[in-house]
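Summary of structural features
Listed below are the residues making up each chain.
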Amino acid sequence: MTAKILDGKRLAKRVEREVADRVAAFRKATGIQPTLAAILAGDSPASAVYVRHKQAACERVGIASRLYQPDGRSSLEILQLIDQLNADPAVHGILVQLPLPDAVAKEQVLDAVHPLKDVDGFHPENVGLLAQGRPRYVPCTPAGIVRLLAEYGLEVAGQHVVVVGRSDIVGKPMALLLSQRDGPWGPQYANATVTLCHTRTRNLPDVTRSADILVVAAGQPGAITRDMLKPGAVVVDVGIHRVSGRLIGDVDYDGASLLAGYISPVPGGVGPMTVAMLLENTLRAAELLNRR
Ligand code: NAD
C-alpha cells in the first residue's frame, strides 16, 4: 500500500482565498482592517521564521500584521506590551510566539492576553471553553488537523484516535477537540475515542498499532516507525525538525507511507494548515470584537 497524501499546502491555499474574500467583505461592511500583533521575544531563528510565515500569510489575505520584538530578558516588558495591545482597539489578535526565553514566565504572559484577542486559544478561559465543548478559538494546529481530515472526508466519529504528545498547544487540545460530542466541523469530525500518549505511556507501539487515526506531536524525529502502525491507518505528523538542512517530522515518512492509508508530509502537511487557521481565528477576533 502507498499512502495517499494529506496535502495541507494545497488546502491552506484554498482556505486563504476564502479568508481573503471574507476579510474584504468585513472591511467593506465595517471599514475595519483585521489586525494581528505578533510578539517575538528572544533570538530563536526557528521562531523568527515561523513569525515571518505568519506575517506573510496575513499580508496575502488583507490582514494587517505588526511585529513586536521585546528582548525577552524578563516578563515585565512583554506584560506591559500585552497591556498596551489589549487596550488598542485597532489590534484584534495577539500572538505570542512560543517557546519564550527561560527568563520569561510563560503562563503569566499567556494569561495576560485578552481572551477575545487570544487567537492561539491558549488563554485558560479559551481552554476551558474548548474543554466544555463550546470553543471560541480552537488552537491553530489541532484546528488545522481536523480541517485537513474533513477535506479528505476522513470522519473521526467512533474511530480510535491516538494522540502522541500532551503539550498544551497540540496534544491536549487535539484530544479535547476530537472527543467532544460536536465540533466546528460537525459531529462526524468529533466523537472519537481518544487515547492520549506521552513519555510515561507503557508499550507505545501496542497503543499506536490500535489507532485508526494517529496524530503525532512528540517532538522527536522519527519517533514513529512503520512497525508501530495499523495497516491503512491515517497518520498525521505534527513534528518539524531541521536535520542536515532538511525538514522532517516525527514519523519515519518513507517507511510509514508504505503501510498507512493516508499520511501528512513534512513540510506541506500540518504546518501550512496551522497558519491558515491563525488567519481564520484573527478574522473571527475582529468579528467578535466589533459585534454590533
Ligand atoms: P512538546 O515538544 O512541548 O512536547 C512533546 C510531548 O510529546 C510531551 O508531552 C511528551 O510527553 C511527548 N513525547 C515526547 N517523546 C515521546 C515519546 N517517545 N513517546 C511518547 N510521547 C512522547 O510538544 P509540541 O509543542 O506539541 O511540539 C511537538 C512537535 O510538533 C515539535 O516538533 C514542534 O516543533 C512541532 N509543532 C509543529 C507545529 C506545526 O504547525 N506543524 C505546531 C506546533 C508544534
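So, here is what we can say about the structure in this document. (Residues numbered from 1 in each chain as written. Predicted model: local features only at pLDDT ≥ 70, side-chain atom pairs only at ≥ 80, totals over all residues. Heavy atoms only, no water.)

The next thing to look at is the nonpolar core. Formed by 54 residues in total, the largest nonpolar core has its most connected members in Ile145, Val215, Val234 and Val236. Composition of this core by domain shows at least three residues from each of domain 1 (32-114) and domain 2 (140-271). (Core = buried A, V, L, I, M, F, W, Y, C linked by side-chain atoms within 4.5 Å. Buried < 20%, exposed > 50% of the residue type's maximum accessible area, 1.4 Å probe, protein only. Domains from an automatic or database assignment.)

Applying the stated rule across the entire model yields 11 salt bridges. Between Glu16 and Arg60 there is a salt bridge whose closest N-O contact spans 2.8 Å. With Glu16 in helix H1 (residues 8-30) and Arg60 in helix H2 (residues 45-61), this pair connects stretches of sequence that are 44 residues apart. Here Glu16 falls in the buried class, since its relative accessible area comes to 13%. What emerges from the salt-bridge pattern is a single network uniting Arg14, Glu18, Arg147 and Glu151. (Salt bridge = Lys/Arg side-chain N within 4 Å of Asp/Glu carboxyl O. Helix = DSSP H or I, 4+ residues; strand = E, 2+ residues; numbered from the N terminus.)

Counting buried residues in strand S2 (residues 35-39) gives five out of five residues, a clear majority hidden from the surface. Taking every second residue as pointing to the same face, both faces of S2 are buried, with Thr35, Ala37 and Ile39 on one and Leu36 and Ala38 on the other. Both S2 and strand S3 (residues 64-68) contribute to a ladder of five bridges, which runs parallel. Paired with Ala38 across the two strands is Leu67, which belongs to S3. Handedness of the S2-H2-S3 crossover: right-handed. (Pairing = 2+ DSSP bridges. Right-handed = clockwise from strand over helix to strand, strands pointing away.)

This part covers the packing of H2 against helix H10 (residues 270-289). At a minimum axis distance of 10 Å, the contact between H2 and H10 shows a crossing angle of 55°. With respect to H10, the element H2 is oriented oblique. Both H2 and H10 take part in a crossing whose hand is right-handed. Contacts between H2 and H10 involve His53, Lys54, Ala57, Cys58 and Val61 on the former and, on the latter, Val275, Leu278 and Leu279. (Axes fitted to C-alpha atoms, helices over the stretch in contact; angles between N-to-C directions. Parallel < 35°, antiparallel > 145°, perpendicular 65-115°, else oblique. Left-handed = near helix turned anticlockwise from the far one by under 90°. Contact = heavy atoms within 4.5 Å.)

Before going further, it helps to spend a moment on the site of the ligand. Taken together, 21 residues surround the ligand, and among them Arg166, Ser167, Ala218, Val238 and Thr274 come closest. Separating a nitrogen atom of the ligand from a backbone N or O atom of Val238 is a distance of 3.3 Å. Within the backbone of Ile240, an N or O atom sits 3.2 Å from an oxygen atom of the ligand. Taken by itself the ligand offers 850 Å² of open surface, and the protein chains cover 72% of this. Among the elements that take part in the shell around the ligand, H10 stands out by supplying three residues, more than any other. Taken together, the residues of the shell around the ligand break down into nine nonpolar, 11 polar and one charged. (Near = heavy atom within 4 Å. Polar contact = N/O pair within 3.5 Å; in protein donor to acceptor, adjacent residues only side chain to side chain. Areas by Shrake-Rupley, 256 points an atom, 1.4 Å probe, with all protein chains shown as cover. Nonpolar A, V, L, I, M, F, W, Y, C, P; charged D, E, K, R; others polar.)

Unfilled space is identified by rolling a water-sized probe across the atoms. Throughout the structure, instances matching the rule amount to one cavity of 30 Å³ or more. For the largest cavity, the calculated volume is near 60 Å³. Every residue lining the largest cavity is listed: Ile94, Leu95, Val96, Leu110, Val113, Asp118, Asp120 and Phe122. (1 Å grid on protein atoms, 1.4 Å probe; cavity = no way out; pocket = protein on both sides within 12 Å on 5 of 7 lines; lining within 4 Å. Points joined across faces, edges and corners; volume = space filled by probe spheres on them.)

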